Amino acid sequence: MTVHSSFPYPAMADIFTKEKRSEVMSKIKSESMLEKAFAKELSKIVYPLGYRYRLNYKNAPGRPDIAFVSRKLAVFVDGDFWHGYKFAERKAKLKQAYWLEKIQTNIRRDKRNRRKLKKNGWTYIRIWEHDVKKALGKSLKRITDALEAADRKA
């Protein structure tokens, strides 16, 4: 099995049919460990300030990982691999057509959801996996800054 240094996952052929893969993927929980850990740290900061949020909010386009509904602030904590961080630079290293298509589809869906959120008056923040791991405080500050800006608008 070949492992590409720029991706944390090995390159492999998909052994399932498209229908079976869809079934398998649908059973994966929507919250990753990264999102849970990030939300836990966020709550330590925003709860004392009086802010409340919802996890995996179904009533906003893209089902944000974290949604401050009253302030229309949507936060997505996105994995670098799955959401195509620096995809243009890295796609040549992905040998399997399945993964290329999967990530390209995710990128298109993310763009479509950002447009829908903006059209509906939401502010959108994307927090990348590598930013959470390397600069958690900076990632959290982006959210508190956006909350304060929303309060100033109101």
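Residues numbered from 1 in each chain as written. Predicted model: local features only at pLDDT ≥ 70, side-chain atom pairs only at ≥ 80, totals over all residues. Heavy atoms only, no water.

Visitor: Give a detailed account of the pattern of salt bridges, specifying residues and quantitative values.
Guide: Pairing is possible between side chains of opposite charge, provided their charged atoms come close. Enumeration over the complete set of coordinates arrives at eight salt bridges. In this structure, Lys 133 and Glu 129 form a salt bridge, with 2.9 Å as the shortest nitrogen-oxygen distance. Residue Lys 133 and its partner Glu 129 are both found in helix α5 (residues 129-134); the two are separated by four residues, about one turn of the helix. Assessed through its relative accessible area of 15%, Glu 129 is described here as buried. Several salt bridges share partner residues, and in doing so they unite Asp 78, Arg 109, Asp 110 and Arg 126 into one network. (Salt bridge = Lys/Arg side-chain N within 4 Å of Asp/Glu carboxyl O. Helix = DSSP H or I, 4+ residues; strand = E, 2+ residues; numbered from the N terminus. Buried < 20%, exposed > 50% of the residue type's maximum accessible area, 1.4 Å probe, protein only.)

Visitor: Let's hear about helix α2 (residues 33-46): which residues, and what values?
Guide: If you check α2, its first and last C-alpha atoms are 20 Å apart, about what 14 residues at 1.5 Å a residue would give, namely 20 Å. Looking only at α2, the buried set comprises Glu 35, Phe 38, Ala 39, Leu 42, Ser 43 and Val 46. Each buried residue of α2 lies within a common arc of 140° when the element is viewed along its axis, so the set occupies one face. Facing away from the buried side of α2 by over 90 degrees, the exposed positions are Met 33, Lys 40 and Lys 44. Tucked into the core, α2 has its buried residues touching β3 (54-55), β4 (66-68), β5 (73-78), β6 (123-128), α5 and α6 (136-153). (Expected span 1.5 Å × (residues − 1). Arc of directions from axis to C-beta. Contact = heavy atoms within 4.5 Å.)

Visitor: Explain unusual backbone geometry to me, and be specific about the residues and the numbers.
Guide: Even without glycine at this site, Asn 56 takes up a positive phi of about 50°. Structurally, the position occupied by Asn 56 is in the loop between β3 and β4. Overall, Asn 56 belongs to the buried group, its relative accessible area being 9%. Positioned with a positive phi, Arg 63 is a non-glycine residue whose angle comes to about 50°. For Arg 63, a relative accessible area of 37% corresponds to the partly exposed category.

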